[in-house]
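# Overview (structure and organization)
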Amino acid sequence: MASPIVDAKVVITSPGRNFVTLKITTAEGVYGLGDATLNGRELAVAAYLTEHVCPLLIGKDAHRIEDMWQYLYRGAYWRGGPVGMTAIAAVDVALWDIKAKIAGLPLYQLLGGACRDGVTVYGHANGATIEETVQEAIRYRDLGYRAIRLQSGVPGLKSTYGVSRDKMFYEPADAALPTENEWSTPRYLRMVPQLFKAARAELGWDVELLHDVHHRLTPIEAGRLGKDLEPYRPFWLEDAVTAEHQAGFRTIRDHTTTPLAVGEIFSSIWDCKTLIEEGLIDFIRATVVHAGGLTHLRRIAALADLYHVKTGCHGATDLSPVSMAAALHFGLSTSNFGIQEYMRHTPETDAVFPHNYGFEDGMLHPGDAPGLGVDLDEGLAARHPYSRAYLPVNRLQDGTMFNW
Ligand code: GCO
Ligand code: MG
């Protein structure tokens, strides 16, 4: 019972921010969607798909998901990397969407069925000052969130990562040429423990608190921060160091019991194999869209499960509602699910991608519509043309180029 693919096209739209979406259609007229958005490098993936992948899909059986994954991965000769793996992910997720629609089931049923009531998410509380961030955190808690990420401005720095203008939507890709942030590790290291102390004093202990370092510390600095935060029991410290330096995580481990999360920029299982096998992390943040789709993310999760590492998928606004839905079907059906990041999209984005998932009581549920439960309004998408947008860059206060 084959379902030949008759069409594969890339839709680029910018309802408040850029998204690249792959739409695959079968001979029976069933279509599936896959997110292919790579923040600040969108057109590279769009060209990879249009020029090099879409022609390969025509006439192939949409049901042969594993074979298609192997065909695109092994068949490219050039393996891995964010551009190629995001393109493969888009095909993979679109094919899972098609298969589930043909089966007449929500996708999570094909992945083994629900193994929890819903997908616990964390929201983003941020502010220019510690006081403002704590007030935001109270707002999130009152909205029902059970887990909240805390990011605050750093005294003495005019701008920093993670602090947004619009409180419910955080959009770092904010300019046609990169804006410049500034950084001081000593100032930052003084601020974060104070932030957590203030947050625990106001919020108590029934809510999980998280923090993202965004690749900015050395291993020994991260070890010190982890230790300073221990009294406040953070749920995790994210991207404490740049993950290329995998051995650096052992240094952090040697100094703190604060749980470590990493992986939002990982492209494949090979980026996290050592970190997982050597017990250097607690949460793996690889995502459906940037790590080769559901087919590959399930392999990462299976490896992680052996080593008591849980999932904590990236879920920022640059991951479209198509990715968010895929992450929810995955999270609902994966036994070592840990937590899911949830940054709300703007109403403009939600209108272009009508979806079934919904938030209740600190959790998201993907809904029970067949497939992913997300659509793409192509007419509306066409009214929001692509507009180049970069992530910021970051310099130390003396002008040295640094990690953003
Ligand atoms: C997070 C992230 C994001 C990224 C962004 C880059 O933890 O949510 O670090 O905010 O910076 O997704 O594209
Ligand atoms: Mg992050």
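This structure is a prediction, so every number in the text was calculated from the model and none was measured. (Residues numbered from 1 in each chain as written. Chains lettered and ligands numbered in written order. Predicted model: local features only at pLDDT ≥ 70, side-chain atom pairs only at ≥ 80, totals over all residues. Heavy atoms only, no water.)

Looking now at the domain arrangement of the chain. Segmentation of the chain into domains returns domain 1 (5–106) and domain 2 (110–368). Taking only C-alpha atoms, the centre of domain 1 and the centre of domain 2 are 26 Å apart. If you look at the interface, domain 1 gives 31 residues, while domain 2 gives 33 residues. Between domain 1 and domain 2 lies a buried interface of about 2,400 Å² when both sides are counted; carbon and sulfur atoms form 64% of it. If you sort the residues of domain 1 by the area they bury against domain 2, D35, W96 and P106 come out on top, with a joint share of 24%. Linking domain 1 with domain 2 are two salt bridges. Two residues, E66 and R299, come together in a salt bridge whose shortest N-O distance is 3.0 Å. Counting every contact that joins domain 1 to domain 2 gives 10 residue pairs in polar contact (both at pLDDT 80 or more). Among the elements of the structure, β2 (19–26), β3 (31–35), α2 (65–74) and α3 (82–103) are those that each provide at least two residues to the side of domain 1 that touches domain 2. (Domains from an automatic or database assignment. Contact = heavy atoms within 4.5 Å. Buried area = accessible area lost by both parts, 1.4 Å probe. Salt bridge = Lys/Arg side-chain N within 4 Å of Asp/Glu carboxyl O. Polar contact = N/O pair within 3.5 Å; in protein donor to acceptor, adjacent residues only side chain to side chain. Helix = DSSP H or I, 4+ residues; strand = E, 2+ residues; numbered from the N terminus.)

Moving on to the site of ligand 1. Near ligand 1, the surroundings consist of 16 residues, among which H214, E238, E264, D318 and E341 are the closest. Within the side chain of H214, one N or O atom sits 2.8 Å away from an oxygen atom of ligand 1. At a separation of 3.1 Å, an oxygen atom of ligand 1 approaches a polar side-chain atom of R285. Here the shell around ligand 1 is built from residues that sort into six nonpolar, three polar and seven charged. (Near = heavy atom within 4 Å. Nonpolar A, V, L, I, M, F, W, Y, C, P; charged D, E, K, R; others polar.)

Applying the stated criterion to the full structure yields 13 aromatic pairs. Seen in terms of ring centroids, W183 and Y188 are 4.7 Å apart; in terms of plane orientation they differ by 45 degrees. Their pairing is tilted. We note that W183, like Y188, is buried. Taken together, the aromatic side chains of Y122, F235, W236 and F283 make up a single cluster linked through ring pairs. Taking NZ or CZ as reference, K101 lies 4.0 Å from the ring centre of Y31, over its face. (Phe/Tyr/Trp six-rings, centres within 6.5 Å; stacked < 30°, edge-to-face > 60°. Buried < 20%, exposed > 50% of the residue type's maximum accessible area, 1.4 Å probe, protein only. Lys NZ or Arg CZ within 6 Å of the ring centre and 35° of its normal.)

Taken together, the side chains of I12, L43 and Y386 make up a nonpolar region of the molecular surface, amounting to roughly 220 Å² of accessible area. Within the secondary structure layout, L43 lies in helix α1 (residues 42–57). (Patch = residues over 30% accessible without salt bridge, like charges linked within 9 Å, V, L, I, M, F, W, Y side chains within 5 Å. Areas by Shrake-Rupley, 256 points an atom, 1.4 Å probe, with all protein chains shown as cover.)

Time to look at the state of the cysteines. In the structure shown here, the tally under the stated rule is zero disulfides. In this structure C313 is a free cysteine whose sulfur lies 11 Å from that of C272, the closest cysteine sulfur available. Relative accessible area serves as the criterion here: at 3%, C313 is assigned to the buried category. (Disulfide = S-S within 2.5 Å.)

The next subject is the pairing of strand β1 (residues 5–13). Pairing of β1 with β2, which is carried by eight bridges, proceeds in the antiparallel orientation. Bridged to I5 within β2 is T26. Counting the residues in the hairpin turn of β1 and β2 gives five residues, including G16, whose phi is positive at 100 degrees. (Pairing = 2+ DSSP bridges.)

Along an α-helix, a turn takes 3.6 residues, which lines up residues three or four apart on a common side. For α1, built from 16 residues, the straight-helix expectation of 22 Å at 1.5 Å per residue is met to within 8% by its first-to-last C-alpha distance of 21 Å. Along α1, the residues that are buried comprise E42, V45, A46, L49, V53, C54 and L57. Along its buried surface, α1 packs onto β1, β2, α2 and α3. G59, located one to two residues past α1, shows a positive phi value of around 90 degrees. (Expected span 1.5 Å × (residues − 1).)

A few words now on the coordination of the magnesium ion (ligand 2). Protein-derived ligands of the magnesium ion (ligand 2) are D212 (OD), E238 (OE) and E264 (OE), with the metal-ligand distances lying across 2.0 to 2.2 Å. Read in sequence order, the donor residues for the magnesium ion (ligand 2) give the motif D-x25-E-x25-E. Of the two residues, D212 sits in strand β7 (residues 208–212) while E264 sits in the loop between β9 (260–262) and α9 (269–277), which places them 52 residues apart along the sequence. (Donors = N, O, S within 2.8 Å, 3.2 Å for Na, K, Ca; no water.)

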